[in-house]
Amino acid sequence: MTTVEELGCGNLDYNQIVFPNLGIDVTINPTAFTVFGVEIQWYGIIITIGLLLAMLFGFRNMRSLGIDSDRAIDAVIGGIIGGLIGARAYYVIFNWDEFSGDLISIFNTRSGGLAIYGGIIGALLIGGIVAKIRKVRLFPMLDIVGVCFLIGQGVGRWGNFINQEAFGANTDNPFCMTGGRIQYWIEQNYTALGDNSLSAAYPVHPCFLYESVWCLLGFVLLAIALKKWRKFDGQIFLMYIGWYGLGRFFIEGLRTDSLMIGTLRVSQALAALCVVASIVLLIVFGSKVKRMGRDYVLYCDSKESKELLAEADARAEEAYRKKAERKAKKEGSQPEAQIIPEDDNENTAAETEESAEETTAETAEDKQEDENNG
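Residues numbered from 1 in each chain as written. Predicted model: local features only at pLDDT ≥ 70, side-chain atom pairs only at ≥ 80, totals over all residues. Heavy atoms only, no water.

*Asks:* When you look at the overall build of the protein in this model, what are you seeing that I'm missing?
*Replies:* Scanning the protein from terminus to terminus reveals twelve helices and seven strands. Taken over 374 residues, the protein has a buried fraction of 39%. Relative to all contacts within the protein whose residues are 6 or more apart in sequence, the contacts with residues 24 or more apart total 75%. Roughly 22200 Å² of accessible area belongs to the protein as shown, and the carbon and sulfur atoms make up 60% of that amount. (Helix = DSSP H or I, 4+ residues; strand = E, 2+ residues; numbered from the N terminus. Buried < 20%, exposed > 50% of the residue type's maximum accessible area, 1.4 Å probe, protein only. Contact = heavy atoms within 4.5 Å. Areas by Shrake-Rupley, 256 points an atom, 1.4 Å probe, with all protein chains shown as cover.)

*Asks:* Explanation requested: the side chain of Ser-302 in the structure shown.
*Replies:* Its location among the elements puts Ser-302 in the loop between helix H10 (266-292) and helix H11 (303-332). A relative accessible area of 16% places Ser-302 in the buried class. Looking at Ser-302, its side chain comes within polar contact range of the main-chain oxygen of Tyr-299, at 2.6 Å. (Polar contact = N/O pair within 3.5 Å; in protein donor to acceptor, adjacent residues only side chain to side chain.)

*Asks:* Please explain the environment of Val-220 as it appears in this structure.
*Replies:* Within the secondary structure, Val-220 is located in helix H8 (residues 207-228). Relative accessible area serves as the criterion here: at 44%, Val-220 is assigned to the partly exposed category.

*Asks:* Quick question: what am I supposed to make of a nonpolar patch on the surface here?
*Replies:* Together, Val-276, Val-280, Leu-281, Val-284 and Phe-285 make up a nonpolar patch on the protein surface, roughly 390 Å² of accessible area in all. Positionally, Val-284 belongs in helix H10. Assessed through its relative accessible area of 44%, Val-284 is described here as partly exposed. (Patch = residues over 30% accessible without salt bridge, like charges linked within 9 Å, V, L, I, M, F, W, Y side chains within 5 Å. Salt bridge = Lys/Arg side-chain N within 4 Å of Asp/Glu carboxyl O.)

*Asks:* What's the story with helix H4 (residues 116-133) in this structure? I'm lost.
*Replies:* For an α-helix the count is 3.6 residues per turn, leaving residues at separations of three or four pointing the same way. Helix length check: H4, at 18 residues, gives a terminal C-alpha distance of 26 Å against a target of 26 Å (1.5 Å per residue), a fit within 8%. For H4, the full list of buried residues reads Tyr-117, Gly-118, Gly-119, Ile-120, Gly-122, Ala-123, Gly-127, Gly-128 and Ala-131. Looking one or two places after H4, you find Lys-135, whose phi comes out positive at around 60°. (Expected span 1.5 Å × (residues − 1).)

*Asks:* Help me understand the sheet that holds strand S1 (residues 16-19), please; the structure alone is not making it clear to me.
*Replies:* Whether parallel or antiparallel, the strands of a sheet pair through hydrogen bonds between backbone atoms. Spatially, S2-S1-S5 is the arrangement adopted by the three strands of the open sheet, whose pairing is antiparallel. Sheet topology places strand S2 (24-27) and strand S5 (178-179) at the edges, where each strand pairs with a single neighbour. As judged from the four bridges shared by S1 and S2, these two strands associate in the antiparallel manner. When the bridges of S2 are listed, Phe-19 appears paired with Ile-24. (Pairing = 2+ DSSP bridges.)

*Asks:* Is there a simple way to think about the pattern of salt bridges in this case?
*Replies:* A side chain with one charge may pair with a side chain of the opposite charge, provided their charged atoms come close. Throughout the structure, instances matching the rule amount to 15 salt bridges. Here Asp-68 ties to Arg-71 by a salt bridge, and the two come within 3.7 Å at their closest N and O atoms. In terms of burial, Asp-68 and Arg-71 fall into one category: buried. Three or more residues are tied together by salt bridges with common partners; here these are Asp-68, Arg-71, Glu-311 and Arg-315.

*Asks:* So what exactly am I meant to see when it comes to the environment of Ala-201 here?
*Replies:* Secondary-structure assignment places Ala-201 in the loop between helix H7 (180-189) and H8. Distance in space between the C-alpha atoms of Ala-201 and Cys-9 is 9.6 Å, their sequence separation being 192 residues. In contact with Ala-201, not counting residues within four places along its chain, are Thr-3 and Val-4.

And the structure:
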């Protein structure tokens, strides 16, 4: 295996990142900028971009699944909050030794420390509860959520690139990478402890890149399936679970920073479980829907969905009407300014002067007549 010295990327700056076989060499500070003394990290910015893109896609496609976006937005907000809490809680639980001596650090997520499986669990739990309260049908909502998850995950993994984390074992394949922070972390956590299973002298697998590409490819495929191949509500979400689990199972096997229970890689075990469960459920539900034939109706074609969407349209029309009325009333209450042309101003002034002269002359004549009479 070729060393980083031979590849010309040994002793890198702390924030320097190199893909030697691709000729890529960049230096990126994880802190994007500072606002009132608070450092804003690229990690958070990238996560936010992924979230916004996912929401944009989701809200544009909800109606085609029979979902009223006005009702669904509450479930989305609940899912976001639940996802953030779940992702952090999952990471903290499996890295408790890192936080047990400093509980305040649990709330510091600006430098990373979010676990995707915890995020998915938290988002589904809280989002599902809110969806139930707001009368949003869960299975079609999950179909759109699954596709949105892939957008968020595909984009969000680039936050790991900035932080130089989520990398794998040593390799010199065409996509291998190394970085100043990566080399330092390996030296502190492996070399200094006499563990030679991972060495800073060699490049590593860019696991964040593998997962990002896998998720974005899955997004394209499931976005097509959402429009053309969906046979029953919940089908696309089950496909998401299977697709993500399949990729994560193999990628997790390359990583060196996996969350562990003894010798068991937690994320890899969950990934395998997700693949098996999704395949079984796709077969079970698919067979049931096939047996039902025309008796099965997608939610978007149901009476309930059409009534709720009609109510949403009526609310939107009423809001638009009231807005138009307020605008018309506001415009009607303001008198129009009278504009006098410049020529008319001059004529009016001349006429006023002439009238004043006539009045003065008449007053003088009346006075002379009174004197004569006297």
